[in-house]
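Structure assessment
As a plain string of letters, each chain reads:
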Amino acid sequence: MSKPTVRKGGRPSKPTDEKRTHVVTIKLNNAEYSDLLERSKTAGVKMAEYVRHGAFRLTIVSRLSGIEQEIAKGILNLSSDFNQAMTCFHQLKLRSAANKLAAVVDKMFDILKKLRPNKDTEYVCKNT
């Protein structure tokens with residue numbers, strides 16, 4: 001009689017190129033930790049997987065340089081002037097001039113969005 005084959009239980013081993021061997025440690029305060037724990041539970045994944053996903057799926061966009069900040073402030077300061085000009089064009093029934101001015105304003109705001117997609121944060125994270 002032949003000897004029965006003994007099967008090893010559990011999950012099969014991963015190939016060596018898929019194994020994770022390096023550990024990265026970060027320090028969090030209580031509020032950050034509880035927020036991260038809650039977010040990972042809401043997403044239905046382990047905290048490590050949540051952090052790993054965030055680390056590799058997001059891109060950090062640098063802060064605006066000094067000159068970019070000055071340009072953005074200058075454009076935003078002109079917004080009230082553009083609004084007054086637009087009101088004047090509409091009152092004088094100059095639709096073509098109003099449309100051209102609206103196109104210029106749209107282009108300026110597109111430039112501002114490229115400079116800082118989300119002005120509420122000091123640095124911007126966007127999905128890639």
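Residues numbered from 1 in each chain as written. Predicted model: local features only at pLDDT ≥ 70, side-chain atom pairs only at ≥ 80, totals over all residues. Heavy atoms only, no water.

- If you look the protein chain up in an unreviewed UniProt entry, it shows as Plasmid mobilization relaxosome protein MobC from Duncaniella dubosii.

1. Describing the overall build of the protein chain
- Along the backbone of the protein chain there are five helices and two strands.
- Listing each helix as α and each strand as β along the protein chain from the N terminus yields α-α-β-α-α-α-β.
- Split into buried and exposed, the 128 residues of the protein chain put 11% on the buried side.
- For the protein chain, restricting intrachain contacts to residue pairs at least 6 apart in sequence, the fraction spanning at least 24 positions comes to 53%.
- When the accessible surface of the protein chain is split by element, carbon and sulfur atoms take 55% of a total near 11600 Å². (Helix = DSSP H or I, 4+ residues; strand = E, 2+ residues; numbered from the N terminus. Buried < 20%, exposed > 50% of the residue type's maximum accessible area, 1.4 Å probe, protein only. Contact = heavy atoms within 4.5 Å. Areas by Shrake-Rupley, 256 points an atom, 1.4 Å probe, with all protein chains shown as cover.)

2. A few points about the nonpolar core
- Judged by nonpolar contacts, A72, I75, F82, M86, A98, L101, V105, M108 and L112 together constitute the single largest core of nine residues.
- Of all elements in the fold, only α3 (66-77), α4 (79-91) and α5 (95-115) reach the threshold of two or more residues within this core.
- Top element by residues in this core is α5. It accounts for five residues.
- Beyond its immediate sequence surroundings of up to four residues, M108 is in contact with I75 and F82. (Core = buried A, V, L, I, M, F, W, Y, C linked by side-chain atoms within 4.5 Å.)

3. Concerning the environment of F109
- Among the structural elements, F109 can be located in helix α5.
- F109 gets classed as partly exposed once you look at its relative accessible area, which sits at 34%.
- Placed 33 residues apart in sequence, F109 and L76 show a C-alpha to C-alpha distance of 8.8 Å.

4. Regarding the pattern of salt bridges
- On inspection of all chains with the given rule, the structure shows two salt bridges.
- Residue R39 is joined to D35 by a salt bridge in which the shortest nitrogen-to-oxygen separation is 3.3 Å. Here D35 and R39 lie together in helix α1 (residues 30-43), a separation of four residues that amounts to about one turn.
- For D35, a relative accessible area of 36% corresponds to the partly exposed category.
- Measuring nitrogen to oxygen at the nearest pair gives 2.5 Å for the salt bridge that ties R52 to E49. With R52 and E49 both in helix α2 (residues 47-57), this residue pair falls three residues apart, about one helical turn.
- E49 gets classed as partly exposed once you look at its relative accessible area, which sits at 36%. (Salt bridge = Lys/Arg side-chain N within 4 Å of Asp/Glu carboxyl O.)

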